[in-house]
Amino acid sequence: MQQLIPATNLGFPRIGPHRELKRSLEDYWAGRISVGDLEDTASSLRRQRWSRQRELGLDHVPSNDFSLYDHVLDTAVMVGAVPDRYRTESGEVDLGAYFAMARGGDLRGKAVAPLEMTKWFDTNYHYIVPELSAGQRFEYAGHKAVAEFREAKAIGITTRPVLLGPISFLTLAKQRGTDTSVTALLPALVGVYEAVLADLAAAGAQWVQIDEPALCLDLDHDIVDAFSETYERLVRSAPDVRVLVATYFSGPRANLPTALALPVAALHLDLVREPDQLDPALSGAPDSLALSLGVVDGRNVWRADLLSALALLEHARDRIGADRLLVAPSCSVLHMPLDLDLETTLDPEIRPWLAFAEQRLAEVVLLSRALNEGRAAVADLLTDNATARLERSHSSRVHSGAVSERLATQGPELEARTSPYVERRPKQAKRIGLPLLPTTTIGSFPQTADVRTLRSRYRRGELDAAHYEAGMRELIETAVRVQESVGLDVLVHGEFERNDMVEYFGEQLSGVIVSENGWVQSFGSRCVKPPLIYGDVSRPLPMTVGWTTFAQSLTDRPVKGMLTGPVTILQWSFVRDDQSREQTCRQIALAVRDEIADLEAAGIAIVQLDEPALREGLPLQRADWREYLRWAVSAFRVASSGVADETQLHTHMCYAEFHDIIDAIAAFDADVISIEASRSNMELLDTFVDFRYPNEIGPGVWDIHSPRIPGVGEIVTLLDRALEVLSPHQLWVNPDCGLKTRSWVEVEPALRNLVEAARVVRERVTSP
Ligand code: GLN
Ligand code: ZN
């Protein structure tokens with residue numbers, strides 16, 4: 001029986017309970033399984049996801065939210081926006097081309113670079129940036145949406161297909177060699193969407209969800225104005241389909257009137273991020289528009305406050321009527337771990353506080369039942385929820401007197417280094433003594449099967465601490481010897497002890513736990529397991545000092561201590577929802593500061609604080625940026641500025657655009673910053689130049705997300721480009737990012753090439 005107020009979902013994790021998709025993809029890429037095997041896994045995962053959501057009691061189950069790599073790339077394929085270099089002579093786009101766009105590599109005997117990749121709004125999910133060229137045409141070329149709809153229908157489930165909307169698609173795409181406006185490209189693209197909708201309608205779709213998160217961005221007027229015509233066309237193309245337009249990660253704010261006036265059946269609003277939009281939406285929505293209210297958090301893991309959510313929903317029902325209401329998570333639950341029941345060793349006090357994707361969807365179902373059948377029908381479940389929330393808020397595990405006292409007594413003096421950069425620079429040069437264009441890496445070296453086995457045997461108790469330590473030391477020693485032999489100037493220990501750059505710290509900080517199976521897709525087959533920050537954070541013991549000083553004891557060259565910065569630890573964790581992000585970030589910053597102090601005391605001259613997540617933490621609307629950047633910069637400075645002038649502080653950021661936050665990056669006042677740049681062909685350097693970035697910069701010269709080994713000439717070209725705009729005294733030479741996903745057979749020659757390219761250019765700039 002269809003409920004009156006449906007329980008709905010906007011998107012579901014793809015990777016599978018045991019990361020089946022990851023394994024299958026990696027087996028396929030390595031040539032261990034066939035396309036057919038990969039398709040079997042994918043199709044069985046899809047069916048499993050649909051059935052599971054149906055079992056949970058959802059009325060609207062999404063389809064086409066699954067992807068072999070990325071849904072933005074899927075959309076590019078759907079609309080035929082595939083650059084010629086990936087196509088066969090006859091123009092076809094096969095699976096090889098699909099993965100070549102995603103990861104680069106060998107395509108029909110030719111090495112091709114991948115498309116750019118960047119973060120999906122303020123998440124840690126990376127999407128493939130569609131590339132549009134001059135005279136771009138669109139055609140209905142990829143039929144995945146309708147194929148998956150039919151696949152679900154064949155097992156008796158009528159799904160709600162999800163499409164990335166045409167305006168968001170164009171907003172996220174990048175143009176190469178042309179600069180056509182979104183509004184000029186739109187009419188042709190909408191033609192494709194019309195065909196897709198007609199196709200879905202013919203296959204029997206009743207609802208189609210079109211995601212337009214771009215509605216929550218600051219858009220130019222002409223783009224905002226294009227929404228109504230676009231959606232008029234789309235709705236007309238499939239009159240029997242009910243179109244739901246989804247916004248999330250913020251509210252449409254200034255674009256709310258436009259969103260409410262769309263001629264569609266329903267509009268989804270993220271009320272977790274932006275609860276204030278409910279009342280304007282209730283009063284502004286025409287009678288023909290239903291509202292899908294995202295009242296429980298699709299981005300975080302704490303059990304919802306169901307009574308408050310229910311109060312909101314009841315209020316909405318009283319205002320607009322039950323027939324115009326849908327209950328939903330705030331956004332797709334793609335960014336949540338799948339299922340709390342997969343956790344077997346979770347702290348028993350904390351477990352009842354948590355909800356993963358399936359538990360979150362059960363909350364959605366429970367809310368819709370409370371609305372449809374009355375609160376009494378779910379009274380026990382509501383009580384259980386309220387009790388768990390209450391216990392959490394009173395728990396002594398959450399609050400630490402020592403942490404609050406430190407926060408209360410220490411102030412702005414924590415945020416400044418002793419001297420400005422110009423004075424630090426000569427002192428560091430004297431202490432460290434590096435050549436021009438110093439070479440280094442970003443920290444991690446290949447996480448080979450040996451490395452992972454060593455860690456997992458230790459974790460499972462099959463190896464004692466002494467043997468584990470000996471194994472790690474062997475790996476570190478090998479890495480140091482390789483770095484010496486290829487001739488790098490600043491070495492690293494290799495981060496072999498780290499399963500992940502945030503999880504590793506999460507395991508050691510107080511107030512934080514890590515799950516066993518709480519995997520979340522980061523890009524393609526890559527998953528991360530974000531720690532759960534449940535209480536006040538502090539650092540009981542040194543976390544990295546032993547490994548770093550061991551590496552330093554092996555060599556005369558400087559070894560750089562590697563730490564993850566406070567903003568990134570915050571951003572890549574599930575954070576508590578009972579205090580501000582700013583507050584939690586400052587607690588983490590103090591913990592990191594303690595670690596840097598210990599590294600420095602142990603004689604380490606260079607410390608790198610990675611902040612790859614700075615940019616993705618930006619709120620969607622600019623009006624909120626200043627406030628975020630204020631506390632983010634302040635946290636970085638609290639963490640980093642306790643060191644002497646002679647200690648060189650590096651930071652690293654990647655896979656983001658920096659031009660509009662460059663002043664915040666400069667305010668970090670790191671002595672050296674390394675940034676990803678090779679995929680965009682050094683384009684982003686212009687930003688640092690326009691700004692006259694005063695400190696040192698290492699623009700990445702090797703795209704490490706691609707298995708391709710860059711040649712010396714190619715790296716020299718990139719360095720030459722960099723030197724057109726930077727002084728040789730400013731320039732460092734390094735890869736784009738850490739090397740943990742690469743293999744030694746790629747790393748060694750690539751680093752040799754990198755060192756050789758630096759030597760060639762160094763020689764040229766120093767010889768008169
Ligand atoms: N130091 C980290 C590494 O090398 C940095 C990773 C990142 O920027 N994402 O793996
Ligand atoms: Zn990086």
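No experiment lies behind these values; they were computed from the predicted model shown.

About the criteria used
Residues numbered from 1 in each chain as written. Chains lettered and ligands numbered in written order. Predicted model: local features only at pLDDT ≥ 70, side-chain atom pairs only at ≥ 80, totals over all residues. Heavy atoms only, no water. Pairing = 2+ DSSP bridges. Helix = DSSP H or I, 4+ residues; strand = E, 2+ residues; numbered from the N terminus. Axes fitted to C-alpha atoms, helices over the stretch in contact; angles between N-to-C directions. Contact = heavy atoms within 4.5 Å. Donors = N, O, S within 2.8 Å, 3.2 Å for Na, K, Ca; no water. Tetrahedral: all angles 85-135°; square planar, octahedral: opposite > 155°, others 65-115°. Buried < 20%, exposed > 50% of the residue type's maximum accessible area, 1.4 Å probe, protein only. Near = heavy atom within 4 Å. Polar contact = N/O pair within 3.5 Å; in protein donor to acceptor, adjacent residues only side chain to side chain. Areas by Shrake-Rupley, 256 points an atom, 1.4 Å probe, with all protein chains shown as cover. Salt bridge = Lys/Arg side-chain N within 4 Å of Asp/Glu carboxyl O. Phe/Tyr/Trp six-rings, centres within 6.5 Å; stacked < 30°, edge-to-face > 60°. Parallel < 35°, antiparallel > 145°, perpendicular 65-115°, else oblique. Left-handed = near helix turned anticlockwise from the far one by under 90°. Nonpolar A, V, L, I, M, F, W, Y, C, P; charged D, E, K, R; others polar. Core = buried A, V, L, I, M, F, W, Y, C linked by side-chain atoms within 4.5 Å.

Our focus in this paragraph is the sheet that holds strand β21 (residues 672-675). One open sheet holds the five strands; their spatial order is β18-β19-β20-β21-β22, and the pairing between them is parallel. If you trace the sheet from one side to the other, it starts and ends with β18 (560-564) and β22 (696-699), each paired once. Looking at each pair of strands side by side, their axes are set apart by 20° on average, direction ignored. Pairing between strand β20 (residues 648-653) and β21: four bridges, direction parallel. Looking at the pairing, H652 lines up with S674 of β21. Strand contacts of helix α21 (residues 581-601): β18 and β19 (606-610), with the helix running at about 170° to β18, the strand carrying the most contacts.

This part takes up the sheet that holds strand β7 (residues 160-164). Ordered by their spatial adjacency, seven strands build an open sheet running β1-β7-β9-β10-β11-β12-β13, and the pairing between neighbours is parallel. This sheet does not close on itself; its edge strands, each paired only once, are β1 (62-63) and β13 (325-329). Looking at chain direction, strand β9 (residues 207-211) and strand β10 (residues 242-246) are connected through five bridges and run parallel. The partner of D211 across the bridge, within β10, is A246.

Quick look at the coordination of the zinc ion (ligand 2) now. Every protein donor of the zinc ion (ligand 2) is listed here as H652 (NE2), C654 (SG) and C737 (SG), and their distances to the metal cover 2.0 to 2.3 Å. If you look at the zinc ion (ligand 2), its four donor atoms make angles of 91 to 127° with each other, and the shape they trace is tetrahedral. If you list the donors of the zinc ion (ligand 2) from N- to C-terminus, the spacing comes out as H-x1-C-x82-C. Of the two residues, H652 and C654, both sit in the buried class.

As a structural note, the neighbourhood of ligand 1 is formed by I442, G443, S444, E495, M501, M562, D610, P612, H652, C654, C737 and G738. S444 places a side-chain nitrogen or oxygen 2.7 Å from an oxygen atom of ligand 1. Contacts to ligand 1 include E495, whose side-chain N or O atom sits 2.9 Å from a nitrogen atom. Taking 300 Å² as the accessible area of ligand 1 by itself, protein coverage stands at 93%.

Take the pattern of salt bridges next. If you walk through the whole model with that rule in mind, you get 61 salt bridges. A salt bridge links E358 to R52; its shortest N-O distance comes to 2.7 Å. Highlighted residues: E358 in helix α12 (residues 357-373) and R52 in helix α2 (residues 35-56), separated in sequence by 306 residues. Note on R52: relative accessible area 29%, which makes it partly exposed. Overlapping salt bridges bring together E39, R46, D74, K144, E148 and E151 as one network.

Moving on, we get to the pairing of β20. Of all six residues that make up β20, six are buried, and the element is covered over most of its length. The alternating pattern of β20 places Q648, H650 and H652 on one face and L649, T651 and M653 on the opposite face, and all of these are buried. As judged from the five bridges shared by β19 and β20, these two strands associate in the parallel manner. The residue bridging Q608 from the neighbouring strand is H650, located in β20.

Of note, the phi angle at R253 is positive, near 45°, even though the residue is not glycine. Tracing the backbone shows R253 in the loop between β10 and α9 (256-260).

Looking at where I662 falls in the secondary structure, it is placed in helix α23 (residues 662-668). Note: C-alpha distance between I662 and R692 (30 residues apart in sequence) is 10.0 Å. In this view, I662 contacts T687, F688, F691 and Y693; residues no more than four positions away in its chain are not counted.

Here the structure, examined in full by the defined rule, presents 18 aromatic pairs. Judged by centre distance (5.9 Å) and plane angle (50°), the ring pair of Y28 and F99 falls under tilted. With Y28 in helix α1 (residues 20-29) and F99 in helix α4 (residues 95-103), this pair connects stretches of sequence that are 71 residues apart. With centroids separated by 4.0 Å and ring planes inclined at 10°, the aromatic side chains of Y458 and Y468 adopt a geometry described as stacked. Note that Y458 is positioned in helix α16 (residues 449-459) and Y468 in helix α17 (residues 465-486), a separation of 10 residues in sequence.

When two helices pack together, their arrangement is given by the angle between the helix axes and the distance between those axes. Two elements in contact, α2 and helix α5 (residues 144-154), have axes whose closest approach is 10 Å; the angle formed by their N-to-C orientations is 60°. One element, α2, and the other, α5, form an angle in the oblique class. Note on packing geometry: the crossing formed by α2 with α5 is right-handed. Contacts between α2 and α5 involve S43, R46, R47 and W50 from the former and E148, E151 and A152 from the latter. Across the contact of α2 with α5, the residue classes break down as two nonpolar, one polar and four charged.

To continue, consider the nonpolar core. W120, F138, F169 and L291 are the most contacted members of the largest nonpolar core, which totals 114 residues. Here this core takes 11 residues from helix α7 (residues 182-203), the largest share from any one element. When residues no more than four places from it in sequence are discounted, the contact partners of F169 are V72, T75, A76, V79, A81, P130, F138, L164, L189 and Y193. A591, V607, V638 and L726 belong to the second-largest nonpolar core, a separate cluster that totals 102 residues.

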